[in-house]
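Structural overview
Chain by chain, the residues run as shown.
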Amino acid sequence: MYRWVNPDSSSMLELRDISKTYASGQVGLETCALRGVDLTIHDGEFVAIMGPSGSGKSTLMHILGALDRPTSGAYLLDGRDVSQLSADELAVIRNQKIGFVFQSFNLLPRATVLRNVMIPLVYAGVIPEKREALARIALTNAGFDESHFTHRSNQLSGGQIQRVAIARALVNDPTIILADEPTGNLDTRTGAIVLNTFQWLNEHEGRTIILITHEHDIAEHARRVVTLRDGAIVSDVVNRQPRKATV
Amino acid sequence: MTLPSDILLETGEALSANKARSSLTILGIVIGIASVISMVAIGQGAQNAVTSSIQSLGANLIQVMPGATRGVGFTVNQGRGSAKTLTNDDVDAILQNVPYVAAISAELSGRYQVTAPGTNTNTQIIGATVAYPTVRNVSVAEGVFISDNHLYSFAKVAVLGPTARDDLFGEGADAIGKTIRINRIQFTVIGVTTEKGGSGFTNQDDSIFIPLTTTQRYLVGDTYLTSINVQAQNADVMSTVQEGITAVLLDTHGIVDAALADFSTLNQEDIVSAASGVTETFTLLLGAVAGISLLVGGIGIMNMMLTTVTERTREVGLRKALGARPGDISAQFLTEAVILTFAGGVLGVLIGFLVSFIVSVAGVIDAEVTLSSVFLAFGVSAAIGVVFGYYPARRAARMDPIVALRYE
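Since the structure is predicted, the reported quantities are computational estimates derived from the model, not experimental observations. (Residues numbered from 1 in each chain as written. Chains lettered and ligands numbered in written order. Predicted model: local features only at pLDDT ≥ 70, side-chain atom pairs only at ≥ 80, totals over all residues.)

1. Describing the overall build of chain A
Secondary structure assignment for chain A yields 7 helices and 10 strands. Within chain A, the fraction of its 247 residues that count as buried is 48%. (Helix = DSSP H or I, 4+ residues; strand = E, 2+ residues; numbered from the N terminus. Buried ≥ 20, exposed ≤ 12 C-beta atoms within 10 Å, placed from the backbone.)

Given below as structure tokens:
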């Protein structure tokens, strides 16, 4: 009932002349986070959006993730203009179409690993009997050890938590994974595991991965690197030889 | 959309995560509901007590008294009560001409000095007829009441109220057959009435009943009456009977203008409704004070919910990012508030029952918990949950997911 229906067979997301301004604290002052961004990402791509802090990459990620609406411009997701959708319709997109992985993990501390992974299924209206099986599959795909399924997140290491977050992003089978600095709070080795997971998901399952980062090393794992500076795209290059994340 | 079972699970987890805070918040509602229930129960008990004590004077009673009441309310009429406008003839006239009369009791009462060997007391002497026990709801505990024979023969016999008996012969003493002197005239005690308790208007326990005829001949020396008490056949004909009495008496007294009547009639229903008006106001006052505490409890809920929403801002942001609709978020917080108040309501009703029970057992007042106040309390507590939970829930639902996610 609440499935995202793709109105167009060519699955892709397209930003047309997107601008975003924030009203500052003082009257009349506005901060321009994005100025006229044009960006098209096709299904199955692995794109890194790079830029220093303040470049507008987080704002871009929020708009891509239907968490925020642009001030002007159009955001077409599978041909539909997201900026015109209601709060409920945006919620469906976030639930079905996009899986989020955050830098700060964002697990519910009072719930078990399985319950955390099941949250998107709850909002998708999946019947309770099916949820656990789906969550177990997602956790296994994210490389999470089955013996920790009933642990609470405060009993897990950073790497384990990020795997849970990835499993949660995958559980509703979204076409797009949107990861905001997913390795930011991890050491190099666990960071590599996470990146390896993304590459695997991209290559073997054909999922679109959009990776937001400020680190070159991380961005090099993507097949396309979009660089932002001061709210505008300054470069958009194809990375012919993405770095393989070695575990 | 989230299922109710999911919301309940979340609510249970969220509330048990903050047990101390949840229970303190509930306490406000518990106290509010408990006080509403018990205060209304006490008020209801007081009302029942007043009504039953008035009813104990006799059922469906209309009192006719000498002297007049004029205008609205009781304009004080000089000499009222001592007026000698009611006579035995009036009793006969009412009996013959007024329909729906079940019984009629003519009375002549006054205070006299009463002596028994070694003691004396000043009490109310009621010259009564055979109908008195029926009309005034008095029963005889020992011995007999005044009979027609006593009335015909001007017998010097007396029936004592229990208080009068205690005063004259000692508590619980056997007074039958003993003699007392009323106004220096010797009377033989033939009965003692059952204890009724003070009614606030007349204390029938502290009275001595003697035949009306005896009173008129030996004590007063005149044939007037101090009151005629008429029992209507049922509550529905009370006003008909009252009007009938007024018409008949005006006629027999030869008075054309009802405003100049030399007697007055008092309908028992009027007294009951006047008295219950007072206790109803009293109940309302108690309920209102209790209602204020309920309101304060509700504000406590709102305060806690606002704190919870702020504390869980990141959680709200995360849930929104994972596909929660505004409706899902507000349902979650609203359910928390409603569960809190409902739990408080259940506990409050139990404590309200307990307080009412204790008050009744302690003998303060026979508190009566009415079903309607229980339903009202439940309804109000659920409504408080919705009303005071709505604003925090809406705040959570309207939260911008990004702001919520970034919240530290």
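That shown, we press on.
2. With respect to the interface of chain A and chain B
The partner chain B presents 20 residues to the 20 residues of chain A that form the contact. At the level of secondary structure, the elements contributing two or more residues to the side of chain A that touches chain B comprise helix H2 (87–96) and helix H3 (113–124) of chain A. Element by element, the count of residues in the side of chain A that touches chain B is highest for H2 of chain A, at 6 residues. Looking at the side of chain A that touches chain B residue by residue, the classes come out as 12 nonpolar, 4 polar and 4 charged. (Contact = placed C-beta atoms within 7 Å. Nonpolar A, V, L, I, M, F, W, Y, C, P; charged D, E, K, R; others polar.)

3. Here's the deal with unusual backbone geometry
Residue and element names in this part refer to chain A. Its identity as a non-glycine residue notwithstanding, Asp17 has a phi of 50°, on the positive side. The residue Asp17 is located in strand S1 (residues 12–23) in this model. Since 13 C-beta atoms lie within 10 Å of it, Asp17 is described here as partly exposed. Phi at Asp230 takes a positive value of approximately 50°, unusual for a residue other than glycine.

4. Quick word on the sheet that holds strand S3 (residues 46–50) of chain A
Residue and element names in this part refer to chain A. Read from one edge of the open sheet, 6 strands run S6-S7-S8-S3-S9-S10, paired in mixed fashion. Two strands bound the open sheet, and with one partner strand each, they are strand S6 (98–101) and strand S10 (232–238). With strand direction ignored, the average angle separating the axes of adjacent strands in the sheet is 15°. (Pairing = 2+ DSSP bridges. Axes fitted to C-alpha atoms, helices over the stretch in contact; angles between N-to-C directions.)

5. Some points on the confidence of the model for chain A
When pLDDT is averaged along chain A, the result is 85, and 93% of the positions lie at 70 or above. Considering each helix and strand of chain A separately, the mean pLDDT is smallest for strand S5 (residues 80–81) of chain A, with a value of 86, and largest for S3 of chain A, with 93. (pLDDT = per-residue confidence, 0-100.)

6. Re the nonpolar core
Membership of the largest hydrophobic core comes to 174 residues, with the highest contact counts inside it found for Ile49 and Ala167 of chain A together with Ile37 and Ala158 of chain B. In this structure Ile49 of chain A touches Lys57, Leu60, Met61, Ile210, Ile212, Val226 and Leu228 of chain A, once residues within four positions along its chain are discounted. (Core = buried A, V, L, I, M, F, W, Y, C linked by C-beta atoms within 7 Å.)

7. Description of H2 of chain A
Residues that lie three or four places apart on an α-helix share one face, since the helix turns once every 3.6 residues. Judged by how many residues are buried, H2 of chain A sits mostly within the fold: 7 of 10 residues are covered. Of all the residues in H2 of chain A, the buried ones are Leu90, Ala91, Val92, Ile93, Arg94, Asn95 and Gln96 of chain A. Elements in contact with the buried residues of H2 of chain A: strand S4 (72–77), S6 and H3 of chain A together with helix H10 (313–321) of chain B.

8. Focus: the sheet that holds S5 of chain A
Residue and element names in this part refer to chain A. What the 4 strands build is an open sheet, ordered S2-S1-S4-S5; its pairing is antiparallel. Unpaired on one side and paired on the other, strand S2 (30–42) and S5 mark the two borders of the sheet. As paired strands, S4 and S5 are joined by 2 bridges and run antiparallel to one another. Across the sheet, Leu77 pairs through a bridge with Arg80, a residue of S5.

9. Focus: the confidence of the model for chain B
Residues and elements named next belong to chain B. Summary statistics for chain B give a mean pLDDT of 84 and a share of 94% for residues scoring 70 or more. No element of chain B has a lower mean pLDDT than helix H13 (residues 401–406), which averages 80, and none a higher one than strand S5 (residues 157–160), which averages 94. At the level of chain-chain contacts, confidence expressed as ipTM amounts to 0.87, with global pTM at 0.69.

10. Digging into H10 of chain B
Burial of H10 of chain B is extensive: 7 of the 9 residues sit out of reach of the surface. All of the buried residues along H10 of chain B are Glu315, Val316, Gly317, Leu318, Arg319, Lys320 and Ala321 of chain B. Along its buried surface, H10 of chain B packs onto H2, S6 and H3 of chain A together with helix H11 (326–361), helix H12 (371–397) and H13 of chain B. With its phi angle positive at about 110°, Gly323 of chain B sits one or two positions after the end of H10 of chain B.

11. Observations concerning the packing of H11 of chain B against H12 of chain B
Residues and elements named next belong to chain B. Running from N to C, H11 and H12 cross one another at 150°; their axes reach a closest spacing of 7 Å. Classed by the angle they form, the pair H11 and H12 counts as roughly antiparallel. By crossing handedness, the relation of H11 to H12 is classed as right-handed. Here the contact of H11 with H12 is composed, by residue class, of 21 nonpolar, 8 polar and 1 charged. (Parallel < 35°, antiparallel > 145°, perpendicular 65-115°, else oblique. Left-handed = near helix turned anticlockwise from the far one by under 90°.)

12. Remarks on the environment of Thr71 of chain A
All names here are of chain A. Counting through the fold element by element, Thr71 comes out in the loop between helix H1 (57–64) and S4. C-alpha separation for the pair Thr71 and Tyr22, spaced 49 residues apart in sequence, amounts to 8.7 Å. Not counting chain neighbours up to four residues away, the residues in contact with Thr71 comprise Ser19, Lys20 and Thr21.

13. Quick word on the environment of Ile190 of chain B
Residue and element names in this part refer to chain B. Topologically, Ile190 is positioned in strand S7 (residues 185–193). Sequence separation between Ile190 and Glu142 is 48 residues; the distance between their C-alpha atoms is 8.3 Å. Every residue in contact with Ile190, bar those within four places of it in the chain, is listed here: Gly143, Val144, Val157, Ala158, Val159 and Ile176.

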